[in-house]
2 protein chains.
Amino acid sequence: MRPTQWFPALSWLRGYGPAVFTQDLVAAMIVTILLIPQSLAYALLADLPPHMGLMASIMPLIVYALLGTSRTLSVGPVAVISLMTATAIGGAGLETPEQKMLAAGVLALLSGGMMSLAGFMRLGVLANYISHPVAAGFVTASALLIALGQVKHLLGVSMDGHTALELAVSLGQNVSQTHLLTLGIGGVALVGLYASRAGLKRVALGLGVPDFIAGLLPKMVPLALIAGATLFVIWAGAGESGVQTVGRVEGGLPRLTLPWLSLEQVKSLLGPAALISAVGFVESLSVGQTLGAKRRESVSANHELVALGGANVASALSGGFPVTGGFSRSVVNFEAGAQTQMASVLAAVGIALASLFLTPLLFYVPKAVLAATIIVAVLGLVDLHVFRLTARFSKADFTALVLTVVLTLAMGVEVGLVTGIAVSVLLHLAKSVHPHVAEVGLVAGTEHFRNILRHDVQTRDDLLTLRLDESLYFANAKFIETDVSRRVAGNPRLNHVVLQFSAINSLDTSALESLIKLNERLEHGGVQLHLSEVKGPVMDRLQRSTFLEQLTGRVFLSQFEAFNLR
Amino acid sequence: MRPTQWFPALSWLRGYGPAVFTQDLVAAMIVTILLIPQSLAYALLADLPPHMGLMASIMPLIVYALLGTSRTLSVGPVAVISLMTATAIGGAGLETPEQKMLAAGVLALLSGGMMSLAGFMRLGVLANYISHPVAAGFVTASALLIALGQVKHLLGVSMDGHTALELAVSLGQNVSQTHLLTLGIGGVALVGLYASRAGLKRVALGLGVPDFIAGLLPKMVPLALIAGATLFVIWAGAGESGVQTVGRVEGGLPRLTLPWLSLEQVKSLLGPAALISAVGFVESLSVGQTLGAKRRESVSANHELVALGGANVASALSGGFPVTGGFSRSVVNFEAGAQTQMASVLAAVGIALASLFLTPLLFYVPKAVLAATIIVAVLGLVDLHVFRLTARFSKADFTALVLTVVLTLAMGVEVGLVTGIAVSVLLHLAKSVHPHVAEVGLVAGTEHFRNILRHDVQTRDDLLTLRLDESLYFANAKFIETDVSRRVAGNPRLNHVVLQFSAINSLDTSALESLIKLNERLEHGGVQLHLSEVKGPVMDRLQRSTFLEQLTGRVFLSQFEAFNLR
């Protein structure tokens, strides 16, 4: 491998000039303003102290900038991964806040290690097994769980639980304790965020603000709202008002640390770490590919695994928690004009400066405003379109989708995701167990053969052609053997059976044995067995067995030739 | 459902007459003679007292006779299931022999319940997921484990362990304690059994013995050897000789009992019970179908599940352990001329009589002779042919086979079987992730299209036809999208891309989304997308989406039509 393959950054660093730097710098400043509140909010969501959010937004960005293949992907804490982190830590039976912080670091370390290993082993292809409906259902259900969980900060009450039911029950028990001033602040923030999304750009354009700035204005609103709410809390007299605020945020630069727990506890985090790796990778790759397609850059799945793995290990070693490429932050980066990963490096510098100098200002940030920004962000991830699409298009996909959503809400993120993946794979397999077998005939005036039940076609009394609509393998070999025998059984005028292999893409040993048995059984009944339209790879394989010598009939290049046999 | 569907026995009981009864009676007598030593031997193998073997050979036969769809299958203890029972009991951490007996009953009860439930839910098809190479590998490895485990009885030493390594180490430590008289008896039995298999029938035929009796003679040898060895031990003075014998066998008829343990212990037996159900069902179904094919009887998978489930529950409730349809006993039953399951009912009566009156005779049966019969029986199950076949025919099958064998030997039956099944399913899935895509052209003088790399075909500069050799689903949708885009990219003269759908048997939502994206992407590049040879079921599904309206090109009935488009 060449150095640019190990460090894709080398390809854009060569010839990097002031013009591009200016563009990257502008993007970095805008992203930094977005990232500061986001980092705090996602740490809150992950049930961790706010400075871990800041730490997770410094070193991981720099490592990804060196190793990543996407030029505009922005890495850091994201909503779904933060929720999964909170669930994993909650389920590990840890007592003290210090242990929870260590566990978050261990999760990042483990999932970083797993991602890198998977990348080196070129296992990126495994991510394909999280189907789009399962991924969309999982994100939708997680978003609802996250939004529900944040209601406690909006109301200023306490709530417990990792499932929708637990959270709802807990909310019902505590809603009477609602702190009205907190609700007021949160409510204003919610309305402000939604209003700015809906109309701010249009209003600004109407006032003659340039298109570029008008488009970015709504992204600045969270920071403005946070600043306003913080000033209000200070004015109202923080302590006495009863509004919960972020409190003391440890500042300073990232320090090297190695998070670890007892071997038992680390083992119990292996499963959650694997799920976090899978979800993080799928989300990040999909964002990277979407952005890459717009600028005709190619994003390599296995390189991305290594790069995201490196970013997570960096997060763990510098006091952060699991990170991945996020949708909203990457889009902001892209739209703000970032040309290379230098924008992310500069954003990391921005966050580091904030961590050094601005943490005292964060003390009075009300949690209710952070919760409002989380709720608005995650409700944007809810995808109802996919329900309508799959309901109409594929029962299997719809089943997997609904199961994923229901189980994620009812039993938590881990059960929901694992069940969704397992069910979609099993339903895919189930389709191939009883394959479609079509009796075909000649479409008049052509050399083309179609199903006799759907088309007006010519057939021969002494020749039966069956098109087997599935690759033959152990799970359906017996079915095909029985089905073909059954179709031949009640047909005394038959001399020839042709199996049209146009839809058979592979063949395993069990299928070979079934074909041999079928050939023998038909031979006993005085019927010759022929094959037609056998594809190259399948023919190659058949030639490695003795089946072609045993075959009573012939192998025809085309079904038309087979149909004309005498 | 009609009564004969619930009780297939009704179909042969109607019109049952003395001629058939005579045939069944002869078969029953022969099977009984075989079953008495087999029942004792497999109880020994399962690490259970001998009378449990007799109990497992009475009620299960009667229940299967009523419910089973095979007329000649013989149900009872079999080697591999007995080994799995021993492993499951050994792994459950039980202390006393009484608890082990209860655990064996619980295993039969659980696996019987699972089988019946699976039958009622029509899940028999799931058995197809144990591919032939995995099943053959599992049986071969189990046979080797069983044979190795029985060496202790041949040598008269003690040995421990459930894996090949553990057994071999234990053998090495204890081999110096070998009891020579025991080894002598076992050795003579082994040689006698092999010699009778190899030549007894031929010798008997040479002496003018009728064919039918000559064929059955080798099956009688085990009982003769056991009788001879027992008389020898009595003559040699049992106690002083130091030869280990079966000892006191509790006699009498089966009594109703409900085996149960603590909830914790029952839970720990659920996994092993599921594996025992799966293996028992696959073995029995394969024997039933093989025999059924010879007499043109059909054996129904789901009925068989219910019947085998009933037989196991009956075994549990009458003091037995897990049973299934066995290969050797069923073949003996079939060859001895059994016409209906009445033969099994009569054999059950025979065993019951033996249990009532003959148990005192069993006291002095040397364990070494039983071990010799087990070793000879299981070594007949070793299948080396499947290694050669899969090595040549399918790397995936060979991998699954070797893993199953190695892990069964090295880590025990449960790990070996589960890994074998999982690996064969994963390797099957892996094949479809990077499907074969062939560029095809017209075979001159026909309307048939083949791969341009393998055949001499005609193509058009402005039209690219790609045959996609795999059903499209979530795991390969992205790959196809990228692969087709890549092939189009470097081809400026191209105006049309035709996707030949002849090998596409199904399409899920992810694949639909990839097709929509591909259509859009090609449209941007000024290239029309067409489909050809779309099968009925796939077309039905596409019509449920808006894709066909968005499609820039057309859907052609045949690839030849598509090739001639202007």
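Residues numbered from 1 in each chain as written. Chains lettered and ligands numbered in written order. Predicted model: local features only at pLDDT ≥ 70, side-chain atom pairs only at ≥ 80, totals over all residues.

Okay, the overall build of chain A next. Across its full length, chain A holds 27 helices and nine strands. Taken over the C-alpha atoms alone, chain A extends approximately 100 × 60 × 60 Å along its principal axes. Out of the 566 residues belonging to chain A, those deemed buried represent 52%. Contacts in chain A between residues far apart in sequence, at least 24 positions, make up 81% of those at least 6 positions apart. (Helix = DSSP H or I, 4+ residues; strand = E, 2+ residues; numbered from the N terminus. Buried ≥ 20, exposed ≤ 12 C-beta atoms within 10 Å, placed from the backbone. Contact = placed C-beta atoms within 7 Å.)

Now for the packing of helix H6 (residues 79-91) of chain A against helix H8 (residues 132-155) of chain A. All names here are of chain A. Relative orientation of the contacting elements H6 and H8 amounts to 65 degrees, with a least axis distance of 10 Å. Put simply, H6 runs roughly perpendicular to H8. The handedness of the crossing between H6 and H8 is left-handed. Contacts between H6 and H8 involve Ala79, Val80 and Leu83 from the first element and Val139, Ser142, Leu145 and Ile146 from the second. (Axes fitted to C-alpha atoms, helices over the stretch in contact; angles between N-to-C directions. Parallel < 35°, antiparallel > 145°, perpendicular 65-115°, else oblique. Left-handed = near helix turned anticlockwise from the far one by under 90°.)

Here the focus is the domain arrangement of chain A. Segmenting chain A into domains produces domain 1 (18-127 + 137-156 + 177-383) and domain 2 (437-563). Spacing between the C-alpha centres of domain 1 of chain A and domain 2 of chain A amounts to 57 Å. (Domains from an automatic or database assignment.)

Moving on: the relation of the copies chain A and chain B. For the pair chain A and chain B, the best superposition has an RMSD of 0.1 Å and corresponds to a rotation of 180 degrees with a translation of 0.0 Å parallel to the axis. What the superposition gives is, in effect, a two-fold axis relating one chain to the other. Rotation axis and chain A: the residue whose C-alpha lies nearest the axis is Ala503 of chain A, separated from it by 1.9 Å. (Least-squares fit on C-alpha atoms with pLDDT ≥ 70 in both.)

Take the nonpolar core next. By size, the foremost hydrophobic cluster in this structure holds 350 residues, and its most contacted members are Leu107 of chain A together with Leu107 of chain B. Among all residues touching Leu107 of chain B, those that are not within four sequence positions of it are Thr85, Ala88, Leu269, Pro272, Ala273, Ile276, Phe321 and Pro322 of chain B. (Core = buried A, V, L, I, M, F, W, Y, C linked by C-beta atoms within 7 Å.)

The next subject is helix H3 (residues 18-45) of chain A. Look at H3 of chain A: 39 Å from first C-alpha to last across 28 residues, which is about the 40 Å you get at 1.5 Å a residue. Phi turns positive, to about 70 degrees, at Asp47 of chain A, one or two residues after H3 of chain A. (Expected span 1.5 Å × (residues − 1).)

This part takes up the packing of helix H10 (residues 180-206) of chain B against helix H11 (residues 211-236) of chain B. Helix-helix packing: each pair is described by the crossing angle between the helix axes and the interaxial distance. All names here are of chain B. Packing of H10 against H11 brings their axes to within 9 Å, and their N-to-C directions diverge by 160 degrees. Here H10 is positioned roughly antiparallel relative to H11, judged by the angle of their axes. Relative to H11, H10 is oriented so that their crossing is right-handed. Mapping the contact onto sequence places Ile185, Ala189, Gly192, Leu193, Ser196, Arg197, Leu200, Lys201, Ala204 and Leu205 in H10 and Asp211, Ala214, Gly215, Leu217, Pro218, Val221, Pro222, Leu225 and Ala229 in H11. The class makeup of the residues in the contact of H10 with H11 is 13 nonpolar, three polar and three charged. (Nonpolar A, V, L, I, M, F, W, Y, C, P; charged D, E, K, R; others polar.)

Our next topic: the pairing of strand E6 (residues 463-468) of chain B. All names here are of chain B. Where burial is concerned, most of E6 is hidden: five out of the six residues are buried. Pairing of strand E3 (residues 437-443) with E6, which is carried by three bridges, proceeds in the antiparallel orientation. What sits directly across from Val437, in E6, is Leu468. In terms of strand pairing, E6 meets strand E7 (residues 496-500) through five bridges, oriented parallel. Note on E7: the bridge partner recorded for Arg467 is Gln500. A crossover links E6 with its parallel partner E7, the connecting element being helix H23 (residues 477-489), and its sense is right-handed. (Pairing = 2+ DSSP bridges. Right-handed = clockwise from strand over helix to strand, strands pointing away.)

Below, the discussion takes up the interface of chain A and chain B. Taken together, the contact between chain A and chain B spans 47 residues of the former and 47 residues of the latter. Of all the elements in the fold, those that place two or more residues in the side of chain A that touches chain B are H8, helix H20 (385-393), helix H21 (395-411), helix H22 (413-431), helix H24 (509-524) and helix H25 (536-542) of chain A.

Bringing unusual backbone geometry into the picture now. Trans peptide bonds make up most of the peptide bonds, and negative phi angles are found at most residues other than glycine. The backbone of Asp47 of chain A shows a phi angle near 70 degrees, a positive value even though the residue is not glycine. Topologically, Asp47 of chain A is positioned in the loop between H3 and helix H4 (50-55). On the basis of neighbour count, Asp47 of chain A is assigned to the partly exposed category, with 19 C-beta atoms found within 10 Å. At Glu533 of chain B, a position not held by glycine, the phi torsion is positive, near 55 degrees. Looking at the element boundaries, Glu533 of chain B is found in the loop between strand E8 (528-532) and helix H25 (536-542). A tally of 27 C-beta atoms within 10 Å means that Glu533 of chain B is categorised as buried.

All right, on to helix H8 (residues 132-155) of chain B then. Residue and element names in this part refer to chain B. End to end, H8 covers 35 Å across 24 residues, agreeing with the expected 34 Å (1.5 Å per residue, within 8%). Counting buried residues along H8, 22 of its 24 residues qualify, which places the element largely inside the surrounding structure. Once H8 ends, the next one or two residues include Gly156, with phi positive near 70 degrees.

Now for the environment of Asn312 of chain A. Residues and elements named next belong to chain A. Assignment of secondary structure puts Asn312 in helix H15 (residues 301-317). The spatial distance from the C-alpha of Asn312 to the C-alpha of Val555 is 56 Å, given a sequence separation of 243 residues. Beyond its immediate sequence surroundings of up to four residues, Asn312 is in contact with Pro60, Ala108, Ser111, Gly112, Met115, Pro322 and Val323.

Attention shifts here to the environment of Leu145 of chain B. All names here are of chain B. Following the sequence through the fold, Leu145 ends up in helix H8. In this structure, the C-alpha to C-alpha distance between Leu145 and Gln550, residues 405 residues apart in sequence, is 62 Å. What Leu145 contacts, discounting residues up to four positions off in sequence, is Leu83, Ala164 and Leu409.

Residue and element names in this part refer to chain B. Looking at the secondary structure, you find Ala311 in helix H15 (residues 301-317). Among the residues examined, Ala311 registers 34 C-beta atoms within 10 Å and is labelled buried. Sequence separation of Ala311 and Leu67 is 244 residues, and the distance between their C-alpha atoms is 8.8 Å. Not counting chain neighbours up to four residues away, the residues in contact with Ala311 comprise Pro60, Val63, Tyr64, Val75 and Val323.

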